[in-house]
Amino acid sequence: MLPPELPPLPALTRAEAEVIDRYLDVVDLLGRINPGRDGDTYRGLRAAQALVGKAAALRDALTLMHRRGETEVHATLARALRVLDGERRTARVGLPPPSES
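The sections below set out a description of the structure shown in this document. These numbers come from a predicted model, not from an experiment. (Residues numbered from 1 in each chain as written. Predicted model: local features only at pLDDT ≥ 70, side-chain atom pairs only at ≥ 80, totals over all residues. Heavy atoms only, no water.)

Focus: helix α1 (residues 14-33)
Along an α-helix, a turn takes 3.6 residues, which lines up residues three or four apart on a common side.
Thinking step 1. Between its terminal C-alpha atoms α1 stretches 29 Å, which fits the 28 Å expected from 20 residues at 1.5 Å a residue.
Thinking step 2. When α1 is considered as a whole, its buried residues turn out to be Ala15, Glu16, Val19, Ile20, Arg22, Leu24, Asp25, Val26, Val27, Leu29 and Gly31.
Thinking step 3. Buried residues along α1 sit against α2 (41-67), α3 (75-83) and α4 (86-91). (Helix = DSSP H or I, 4+ residues; strand = E, 2+ residues; numbered from the N terminus. Expected span 1.5 Å × (residues − 1). Buried < 20%, exposed > 50% of the residue type's maximum accessible area, 1.4 Å probe, protein only. Contact = heavy atoms within 4.5 Å.)

A short note on the side chain of Glu70
Thinking step 1. Within the secondary structure, Glu70 sits in the loop between α2 and α3.
Thinking step 2. Buried charged residue Glu70 carries no salt bridge. Nearest counter-charge: Arg68, at 4.0 Å.
Thinking step 3. A polar contact of 2.7 Å, which involves the side chain of Glu70, links it to the side chain of Thr13.
Thinking step 4. In this structure, Glu70 is in contact with Thr13, Ala15, Glu16 and Met65, ignoring residues within four places of it in sequence. (Lys, Arg positive; Asp, Glu negative; His and termini not counted. Salt bridge = Lys/Arg side-chain N within 4 Å of Asp/Glu carboxyl O. Polar contact = N/O pair within 3.5 Å; in protein donor to acceptor, adjacent residues only side chain to side chain.)

Any functional reading would require information beyond the geometric quantities listed.
Right under this line is the structure:
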């Protein structure tokens, strides 16, 4: 059985696509660093070290977008995040629900 087909990715400029990709890179690393979730400190340390470079790449992508005159963030970017599993990925940054103990 084939997996369900994802909705098509909305049309994005190259700069918008770069911002989305770099944003999700940062979010994934923050999810690994999140002290509210189980995991070992080494994994968090490695993610924190990588975060510096990924945050700089996100900054550069936003700078490029702004310089090209793309000064507004549109709902198109939110749709792209949903197609790329952004809701699940960003949920890892927040606190998990309290456990029933």
